[in-house]
Amino acid sequence: FDLIPVTFPRSTTLCEENRGTVAEKCSSNITIQRGNKEGSCGYIGTPLKKLFASEFGRKTEREPEATRSPAYKTLQDFKLSGMEMSEIFREWTLIDPEGDNREAVCTWVATNLNQLLRIVPPGYPRIVDPLLKDSDNLQYGAIGLASFIGFVVLITMALTNHWKEEKPIKTAQINFLNLILLGYFFLSVGSILRALDETVGICIAEEWLEVLGFVLAFVPLLVKARAITVIDREARQYRRVTTTQETLYRIVAGITGLTIIYLIVWSVVDTPTIVKTYALADERTVKSDISCGKAHALIFSSIRTGIEAVIIVVTLVYAVEGRKVRQEFNESQTLAFLAYSHFIWGLLRNVAINVSFDASTQKFNAIISFIISGDTIFGLLIYFFPKFLNVLTKEPDNKRPVNFRKEKEKNLFRTWIRR
């Protein structure tokens, strides 16, 4: 017998779909055995096997589900038959056999796109839904309130300097009042930055402004209160005490300098970075968020909380010690109210920081901004409003009765602060 070569038509998708099954080929009916004419073609070759590095799968599984790539699962399910490869090669030879085969591959993908989409894992492609838009109104409200308070601080500074010769302002020392107001202005600007979208510059600036603002708002007041307490105690014992504004300024400058050194160390050691986080809301939707990332956040936040706690405790101590100071210099009640007020607002801020709740970083920062703004406006109302009220309601000197006992006390109160 001689073997006669038989050449079948080239395999196509139509032919593969109409090719008879094994059962049909084994049928006793000759017509069923032969099958349809459309299914008469050559057999396709065996496609190549896929080979993946084991680390590919392990690395994919380690990724959070919200940011996990579908590539590994897609490649596992992707199969390219010999017939489909033949179609790609045929397209290549028709376009340009000597050229780049990329156009032929892209043409085949475009033609068979619906077939390829069937192997995409469920839940893909993801829909990224930024959380920024959820907090727009809260951000605008926080920025508006902080801007208003910053304007109030500037008005307060202008009135303080306008009435600097009035007794309630003069006895409180105009330069110290300006330092305190500068601290409150820093806090108001810091609360504005808190409500803005996060960048590295904003992350650093808001920390500097909040820490420096708190130190400037309290330290000059404490230094002055300590000086008054010491002078009053010595005067009651008929001992002369000499102090100067320069000495008090040096103390304030020293404490402020130490604070700046701490902030420089923080900026260098724990420089913030912008961190993007993603959370899977449902099968396809991913919530995205942006925040300031700090490697040593717990350490430096604890130091900051400790500094504020020490200042509050010292404020309360001087409030108790200053109860016997002459009334025109006595700020013990004001110091106590300031300490209580800041303690409450600081407690609210720490609760908001440490209690986790489902909110975007922008919404969280807007809440912190409201708290800082509340702390600032209460500080202004507690310390400056009574002084302004005294200026506006003071009696003329010629209508004021002379109190000889107080005049004698003035002689005992030998020295206040040299100008």
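Look a little higher up for the structure.
Figured I'd write up the structure that's included with this text. What you are looking at is a predicted structure, and each value in this text was computed from that prediction instead of being measured.

1. Looking at the overall build of the protein
Thinking step 1. In terms of helices and strands, the protein carries 18 helices and three strands.
Thinking step 2. Looking at the protein residue by residue over its 419 residues, the buried ones come to 37%.
Thinking step 3. Taking the intrachain contacts of the protein between residues at least 6 apart in sequence as the baseline, contacts between residues at least 24 apart amount to 75%.
Thinking step 4. With the model as given, the accessible surface of the protein reaches about 25600 Å², and the carbon-plus-sulfur share is 61%.

2. Some points on the state of the cysteines
Thinking step 1. By the definition in use, this model includes one disulfide.
Thinking step 2. In this model Cys15 forms its disulfide with Cys41; the gap between the sulfur atoms is 1.6 Å. Because the sign of the S-S torsion sets the handedness, a value of about -95° for the bond joining Cys15 and Cys41 places this disulfide among the left-handed ones. Linking Cys15 in helix α1 (residues 13–18) with Cys41 in the loop between α3 (30–34) and α4 (54–62), this pair joins segments that are 26 residues apart in sequence.
Thinking step 3. With a relative accessible area of 3%, Cys15 lands in the buried category.

3. Overview of helix α16 (residues 361–383)
Thinking step 1. Over its 23 residues, α16 runs 33 Å from end to end, which matches the ideal 33 Å to within 8%, given 1.5 Å per residue.
Thinking step 2. Here α16 lies mainly inside the structure; 17 of its 23 residues are buried.

4. Observations regarding the environment of Pro121
Thinking step 1. As for its position among the elements, Pro121 is in the loop between α8 (113–117) and β1 (127–130).
Thinking step 2. For the pair Pro121 and Tyr72, spaced 49 residues apart in sequence, the C-alpha to C-alpha distance is 9.8 Å.
Thinking step 3. Setting aside anything within four residues of it in sequence, one finds Pro121 in contact with Pro70, Lys73 and Thr74.

5. A short note on the packing of aromatic side chains
Thinking step 1. In this structure the tally under the stated criterion is seven aromatic pairs.
Thinking step 2. Ring plane angle 80° and centroid distance 5.1 Å describe the contact between Phe56 and Tyr72, whose orientation is recorded as edge-to-face. Placement of Phe56 in helix α4 and of Tyr72 in helix α5 (residues 71–77) is noted, with a sequence separation of 16 residues between them.
Thinking step 3. Consider the rings of Phe176 and Tyr249, whose centres lie 5.4 Å apart with planes at 35°: the pair is tilted. With a gap of 73 residues between them, Phe176 in helix α11 (residues 174–194) and Tyr249 in helix α13 (residues 245–269) connect regions that are remote in the sequence.
Thinking step 4. Given a relative accessible area of 23%, Tyr249 falls into the partly exposed group.
Thinking step 5. Each member of the aromatic cluster is reached from another via a ring pair, and the members are Trp163, Tyr383, Phe384 and Phe388.
Thinking step 6. Over the ring of Tyr383 we find Lys387; its NZ or CZ atom is 4.6 Å from the centre of that ring.

6. Some words on the side chain of Ser267
Thinking step 1. By secondary structure assignment, the location of Ser267 is in helix α13.
Thinking step 2. Overall, Ser267 belongs to the buried group, its relative accessible area being 15%.
Thinking step 3. Within the structure, the side chain of Ser267 is placed 2.9 Å from the side chain of Trp208, a separation counted as a polar contact.
Thinking step 4. If we skip the residues at most four places from it in the chain, Ser267 touches Ile204 and Trp208.

7. Some words on helix α12 (residues 200–236)
Thinking step 1. Helix length check: α12, at 37 residues, gives a terminal C-alpha distance of 54 Å against a target of 54 Å (1.5 Å per residue), a fit within 8%.
Thinking step 2. Judged by how many residues are buried, α12 sits mostly within the fold: 28 of 37 residues are covered.
Thinking step 3. Directly after α12, the chain includes Tyr238, whose backbone phi takes a positive value near 60°.

8. Side note on the environment of Lys167
Thinking step 1. Following the sequence through the fold, Lys167 ends up in helix α10 (residues 167–170).
Thinking step 2. In this structure Lys167 comes out as partly exposed when scored by relative accessible area, which is 42%.
Thinking step 3. Through-space distance from the C-alpha of Lys167 to that of Lys394 is 9.3 Å; in sequence the pair is 227 residues apart.

9. What to know about the nonpolar core
Thinking step 1. Of all hydrophobic cores here, the largest spans 40 residues; its most connected members are Ile169, Tyr184, Leu338, Tyr383 and Phe384.
Thinking step 2. The set of elements that each furnish at least two residues to this core consists of α9 (136–162), α11, α12, α13, α14 (297–321), α15 (332–354), α16 and α17 (385–392).
Thinking step 3. Among the elements that take part in this core, α12 stands out by supplying ten residues, more than any other.
Thinking step 4. Beyond its immediate sequence surroundings of up to four residues, Ile169 is in contact with Thr160, Trp163, Lys164, Ile174, Leu177, Lys387, Phe388 and Val391.
Thinking step 5. Val211, Leu212, Tyr262 and Leu263 belong to the second largest nonpolar core, which has six residues in total.

10. Section: the pairing of strand β3 (residues 285–293)
Thinking step 1. For β3, the buried fraction is high: seven of the nine residues fall into the buried class.
Thinking step 2. Alignment of strand β2 (residues 273–280) against β3, held across eight bridges, turns out to be antiparallel. Within β3, the position partnered with Val275 by the bridge is Ser291.
Thinking step 3. The hairpin turn running from β2 into β3, its antiparallel successor, is four residues long.

Calculation rules
- Residues numbered from 1 in each chain as written.
- Predicted model: local features only at pLDDT ≥ 70, side-chain atom pairs only at ≥ 80, totals over all residues.
- Heavy atoms only, no water.
- Helix = DSSP H or I, 4+ residues; strand = E, 2+ residues; numbered from the N terminus.
- Buried < 20%, exposed > 50% of the residue type's maximum accessible area, 1.4 Å probe, protein only.
- Contact = heavy atoms within 4.5 Å.
- Areas by Shrake-Rupley, 256 points an atom, 1.4 Å probe, with all protein chains shown as cover.
- Disulfide = S-S within 2.5 Å.
- Expected span 1.5 Å × (residues − 1).
- Phe/Tyr/Trp six-rings, centres within 6.5 Å; stacked < 30°, edge-to-face > 60°.
- Lys NZ or Arg CZ within 6 Å of the ring centre and 35° of its normal.
- Polar contact = N/O pair within 3.5 Å; in protein donor to acceptor, adjacent residues only side chain to side chain.
- Core = buried A, V, L, I, M, F, W, Y, C linked by side-chain atoms within 4.5 Å.
- Pairing = 2+ DSSP bridges.

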